[in-house]
Amino acid sequence: MTGDFLRTPLTLKIATFFFIAVTFFYFGKHWSDGYQQLVFFTQRSDSDPNSNPVVSTSPNYAKPFNVSALIENNSQPAPPENVPPPPPEEGSIEKLGVVNENGTMSDEFEVGDFDPGMVEQWVNETQVDESEGSSSSPSSTSDSDVGFGIKKFGLCPREMSEYIPCLDNEDAIRKLPSTEKGERFERHCPEQGRGLNCLVPAPNGYRTPIPWPRSRDEVWYNNVPHTRLVEDKGGQNWISRDKDKFKFPGGGTQFIHGANEYLDHISKMIPDITFGKHIRVVLDVGCGVASFGAYLLSRNVVTMSVAPKDVHENQIQFALERGVPAMAAAFATRRLLYPSQAFDLVHCSRCRINWTRDDGILLLEVNRMLRAGGYFVWAAQPVYKHEEVLEEQWEEMLNLTTRLCWNFLKKDGYIAVWQKPSDNSCYLDREEGTKPPMCDPSDDPDNVWYADLKACISELPKNMYGANVTEWPARLQSPPDRLQTIKLDAFTSRSELFRAESKYWNEIIASNVRVLHWKKIRLRNVMDMRAGFGGFAAALIDQNLDSWVMNVVPVSGPNTLPVIYDRGLIGVMHDWCEAFDTYPRTYDLLHAANLLSVEKKRCNVSSIMLEMDRILRPGGRVYIRDSLDIMDELQEIAKAIGWHVMLRDTEEGPHASYRVLVCDKHLLLS
């Protein structure tokens, strides 16, 4: 009887339908188990049907969102309820990996250094696909999707291997009305559309840089093949050549017995100069090969070492090859690109600068950048030599610093030390008509992009902002007073944004260290191209990565640079529509979060990425974290440059509107 029942057509249909339904339910459930669902929905109040809808997230969503968008210039204010969710519990972050040869995901892999054998033959010309777009120039002034039409960028001539676009513009320099104040060493960028449109080649015999900390003492000759400094400074314990290497004994013109002894001398002179505590950020003017800054690193001090690209033009290149923070900069006619009250100590050892010229305008620039209560250390012949001309220079220096209200602390041997006042009381007590005068109240001491030097004293904030920084390392995570001066379009408090950004990057870097083995990658010279409050750099320090970060604050956004320095980090103001003031091949990692989609509105994205390639070392890596809308274009440009690219999901998962483009640079041979 049962058999007869099952043979009826209706029964077969019902049984078949039931079996198919159960099968789909089973496989559908298990297929979706591996994905974190991110569900958005709108809901209105039942009591008020006209109320505005609000956005909610599903309860299973517990991953942090990208707070970088909150600090964009002219961004839409975030509603108060959009506070970053708490960080995931330990172990809840989904690990990323690579697909192994069996087709399964694995996190057991390593990323090694650049291999000299990892080179590619590269056609030494720019290949253009005329059908792709109307413009055949990679430096054209507009971008439209991938319509620039470049298939492959060619290599620049070999003589451009050390090319710095805004410092090597000989046509512009020849047209300067005067160069007597050092104007030729300042920025003179190529006209729009005439910038870099090829790949800057490495010198013959280029090798993987020697890793830190060994690079402090030696670098490969072929990577910086210049002997001018050896010839000029060989007897001053700066630098020497030993076969295929340059050696750095750690000396300088005024400290031929070594930087460590010199630093100890300063500390004994002024016991309040406690390196690594309240002296954390230093400016070294006329740095040579940056041995002063190199040896301060072991004392938990980060130094911005600066020098012009002059007759000793490769000193900054040597510094960066060693793995020491440095950039090309000149005291001439414009402000340096650092904020007011940036440095706890400014150092000049035979820096060849006439501090008293033009009513002391150059020392006034030091005064602007020196933190309230900070120190100026001068080691030069006028300090210790008893010759008539030099004694006159010493008296002029004493007179100028007195009028600046600097307190002369001590002279010992060849070193003299002054201290800047902590408030404005001395300035207000000066006799009427004393020069230099106080700056006009309307002058913004943090306005530095192409801003002329001013022969006046920048008044200190009456609320003592900038003076009340905590000691290192507590200041790294302490929201500084000057955070309240940053102009942001956001309802959320600045302190909350500061902490949210720090938490956001801490979680990402911790994941990269754990899953992507960042401690096995050479990460010495790092640049954050849109630094915000410096959270990315702070996270690298928290994770004990042996690196330093150049925090770049674009002119297209809010000026957060004072906050970066108050945290005990270094950085610079910059416009990414122009080239950066550094030599080629000087950074191991470039990090760009929400930068290119913003700058695309102002300038050519391919020009920015060509500049990134110029300053990135072969074997270096680029992390571009940006909106999905721009990723296709960025991938095409990256391939045209010759980078090896990989597109990844962000920590928010595959449904997020952001992606991470990871690019590796190989050594290209023509």
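See above for the structure.
Since the structure is predicted, the reported quantities are computational estimates derived from the model, not experimental observations.

Reading guide: rules and limits
- Residues numbered from 1 in each chain as written.
- Predicted model: local features only at pLDDT ≥ 70, side-chain atom pairs only at ≥ 80, totals over all residues.
- Heavy atoms only, no water.
- Helix = DSSP H or I, 4+ residues; strand = E, 2+ residues; numbered from the N terminus.
- Contact = heavy atoms within 4.5 Å.
- Areas by Shrake-Rupley, 256 points an atom, 1.4 Å probe, with all protein chains shown as cover.
- Patch = residues over 30% accessible without salt bridge, like charges linked within 9 Å, V, L, I, M, F, W, Y side chains within 5 Å.
- Salt bridge = Lys/Arg side-chain N within 4 Å of Asp/Glu carboxyl O.
- Lys, Arg positive; Asp, Glu negative; His and termini not counted.
- Charge placed at Lys NZ, Arg CZ, Asp CG, Glu CD.
- Buried < 20%, exposed > 50% of the residue type's maximum accessible area, 1.4 Å probe, protein only.
- Disulfide = S-S within 2.5 Å.
- Phe/Tyr/Trp six-rings, centres within 6.5 Å; stacked < 30°, edge-to-face > 60°.
- Pairing = 2+ DSSP bridges.
- Axes fitted to C-alpha atoms, helices over the stretch in contact; angles between N-to-C directions.
- Left-handed = near helix turned anticlockwise from the far one by under 90°.
- Nonpolar A, V, L, I, M, F, W, Y, C, P; charged D, E, K, R; others polar.
- Polar contact = N/O pair within 3.5 Å; in protein donor to acceptor, adjacent residues only side chain to side chain.
- Parallel < 35°, antiparallel > 145°, perpendicular 65-115°, else oblique.
- Core = buried A, V, L, I, M, F, W, Y, C linked by side-chain atoms within 4.5 Å.
- Domains from an automatic or database assignment.

**Things to note about the overall build of the protein**
(1) Moving on: When you go through the protein residue by residue, the secondary structure sums to 17 helices and 25 strands.
(2) Moving on: By sequence separation, contacts in the protein at least 24 residues apart represent 70% of the contacts at least 6 residues apart.
(3) Moving on: Carbon together with sulfur atoms contributes 51% to the accessible area of the protein, which is approximately 30600 Å² in total.

**With respect to a negative patch on the surface**
(1) Moving on: Together, Glu 387, Glu 388, Glu 391, Glu 392, Glu 395 and Glu 396 make up a negatively charged patch on the protein surface.
(2) Moving on: For Glu 392, the location among the structural elements is in helix H10 (residues 388–403).
(3) Moving on: Take Glu 392: its relative accessible area is 45%, and that puts it in the partly exposed class.

**Re the state of the cysteines**
(1) Moving on: The final tally for this structure, using the stated rule, is six disulfides.
(2) Moving on: The residue that forms a disulfide with Cys 405 is Cys 426, at a sulfur-sulfur distance of 2.1 Å. Across the disulfide from Cys 405 to Cys 426, rotation about the S-S bond amounts to roughly -85°, and the bridge is consequently left-handed. You can see Cys 405 sitting in the loop between H10 and strand E16 (407–412) and its partner Cys 426 sitting in helix H11 (residues 425–429), a full 21 residues away along the chain.
(3) Moving on: Among the residues examined, Cys 426 registers a relative accessible area of 32% and is labelled partly exposed.
(4) Moving on: Cys 577 shares a disulfide with Cys 603; S-S distance 2.2 Å. Here the disulfide of Cys 577 and Cys 603 is left-handed, its torsion about the S-S bond being about -80°. Taken together, the residues span a long stretch of sequence, with Cys 577 in the loop between strand E20 (571–574) and strand E21 (587–593) and Cys 603 in the loop between helix H15 (596–599) and helix H16 (605–615) at a distance of 26 residues.
(5) Moving on: The partly exposed category is assigned to Cys 577, whose relative accessible area is 33%.

**Remarks on unusual backbone geometry**
(1) Moving on: Cis peptide bonds are those with omega within 30 degrees of zero, and the linkage from Lys 435 to Pro 436 qualifies with 0°.
(2) Moving on: Although it is not a glycine, Arg 352 sits at a positive phi angle of roughly 55°.
(3) Moving on: If you trace the backbone, Arg 352 turns up in the loop between strand E14 (343–349) and helix H8 (357–369).
(4) Moving on: In this structure Arg 352 comes out as exposed when scored by relative accessible area, which is 62%.
(5) Moving on: We note that Asn 544 has phi near 60°; this positive angle belongs to a residue other than glycine.
(6) Moving on: As for its placement among the helices and strands, Asn 544 is situated in the loop between helix H13 (535–542) and strand E19 (548–554).

**Overview of the packing of aromatic side chains**
(1) Moving on: The full count for this structure, using the stated rule, is 25 aromatic pairs.
(2) Moving on: Aromatic pair Phe 331 and Trp 355: ring centres 5.4 Å apart, planes at 80°, arrangement edge-to-face. Residue Phe 331 is found in the loop between strand E13 (326–328) and E14, and its partner Trp 355 is found in the loop between E14 and H8; the two are separated by 24 residues along the sequence. Accessibility classification places Phe 331 together with Trp 355 in one group, the buried group.
(3) Moving on: With centroids separated by 4.9 Å and ring planes inclined at 75°, the aromatic side chains of Trp 449 and Tyr 450 adopt a geometry described as edge-to-face.
(4) Moving on: Each member of the aromatic cluster is reached from another via a ring pair, and the members are Phe 331, Trp 355, Phe 376, Trp 378, Trp 394, Trp 406, Phe 408 and Trp 418.

**Points about the sheet that holds strand E15 (residues 370–379)**
In a beta sheet, neighbouring strands pair by backbone hydrogen bonds and run either parallel or antiparallel.
(1) Moving on: Strand order in the open sheet made by the seven strands is E13-E12-E11-E14-E15-E17-E16, with mixed pairing throughout. Since the sheet does not close on itself, it has two edges, and those belong to E13 and E16, each with one partner. Averaged over all pairs of adjacent strands, the angle between their axes in this sheet comes to 20°, without regard to strand direction.
(2) Moving on: Where strand E11 (residues 281–285) meets strand E12 (residues 302–307), five bridges bridge the pair, whose relative direction is parallel. Looking across to E12, one finds that Val 282 is bridged to Thr 303.
(3) Moving on: Sheet strands in contact with helix H5 (residues 259–269) are E14, E15, E16 and strand E17 (415–419), and its direction is about 50° off that of E17.

**Overview of the packing of H8 against H10**
(1) Moving on: Put simply, H8 and H10 touch, their axes get as near as 11 Å, and they point 65° apart. Where H8 crosses over H10, the handedness of that crossing is right-handed. In this structure, H8 uses Asp 359, Gly 360 and Leu 363 to contact H10, whose residues at the interface are Met 397, Leu 400 and Thr 401.
(2) Moving on: Residues that form the contact of H8 with H10 fall into these classes: three nonpolar, two polar and one charged.

**Section: the environment of Cys 405**
(1) Moving on: With relative accessibility at 8%, the residue Cys 405 sits in the buried group.
(2) Moving on: With 14 residues separating them in the primary sequence, Cys 405 and Gln 419 have C-alpha atoms 8.9 Å apart.

**A word on the sheet that holds E19**
(1) Moving on: Here seven strands make up an open sheet; going across it, the order is E20-E19-E18-E21-E22-E24-E23 and the pairing mixed. A single partner strand is all that each edge strand has here, and the edge strands are E20 and strand E23 (644–649). In this sheet, adjacent strand axes meet at a mean angle of 20° when their direction is disregarded.
(2) Moving on: Two strands pair when backbone bridges link them, and strand E22 (residues 616–627) and strand E24 (residues 658–664) are joined in this way by seven bridges, in the antiparallel orientation. Along E24, the bridge assignment pairs Val 622 with Cys 663.
(3) Moving on: Here helix H17 (residues 628–641) sits on the sheet in contact with E22, E23 and E24, set at roughly 160° to E22.

**A look at the side chain of Lys 309**
(1) Moving on: Within the secondary structure, Lys 309 is located in the loop between E12 and helix H7 (315–322).
(2) Moving on: A relative accessible area of 16% places Lys 309 in the buried class.
(3) Moving on: Of note is the side chain of Lys 309, whose polar atom sits 2.6 Å from the side chain of Asp 168.
(4) Moving on: Beyond its immediate stretch of four places on either side in the chain, Lys 309 contacts Glu 162, Ile 164, Leu 167, Asp 168, Phe 185 and Tyr 583.

**Remarks on the packing of helix H12 (residues 494–515) against H13**
(1) Moving on: Two numbers describe how H12 lies on H13: the axes approach to 8 Å, and their chain directions differ by 50°. By the angle between their directions, the pair H12 and H13 is classed as oblique. Of the two possible hands of crossing, H12 and H13 adopt the one that is right-handed. Contact residues: Glu 501, Trp 505, Asn 506 and Ile 509 in H12; Gly 535, Phe 536, Ala 539, Leu 540 and Asp 542 in H13.

**Section: the nonpolar core**
(1) Moving on: Of all hydrophobic cores here, the largest spans 148 residues; its most connected members are Tyr 338, Trp 355, Phe 376, Trp 518 and Met 609.
(2) Moving on: When residues in this core are grouped by element, the largest group, seven residues, is from H17.
(3) Moving on: Both domain 1 (250–429) and domain 2 (474–665) contribute no fewer than three residues apiece to this core.
(4) Moving on: Not counting residues within four places of it along the chain, the set of residues in contact with Phe 376 comprises Val 346, Cys 348, Trp 355, Leu 363, Val 366, Leu 370, Met 397, Trp 406, Ala 416, Val 417 and Trp 418.
(5) Moving on: Listed in part, the ten residues of the second largest apolar core include Tyr 221, Val 224, Phe 248 and Phe 318.

**Brief notes about the pattern of salt bridges**
(1) Moving on: Scanning the model with the defined rule gives 33 salt bridges in all.
(2) Moving on: The closest approach of N and O atoms between Arg 357 and Asp 358, which form a salt bridge, is 2.3 Å.
(3) Moving on: One salt bridge in this structure joins Asp 575 and Arg 602, with 3.1 Å as the shortest N-O distance. With Asp 575 in the loop between E20 and E21 and Arg 602 in the loop between H15 and H16, this pair connects stretches of sequence that are 27 residues apart.

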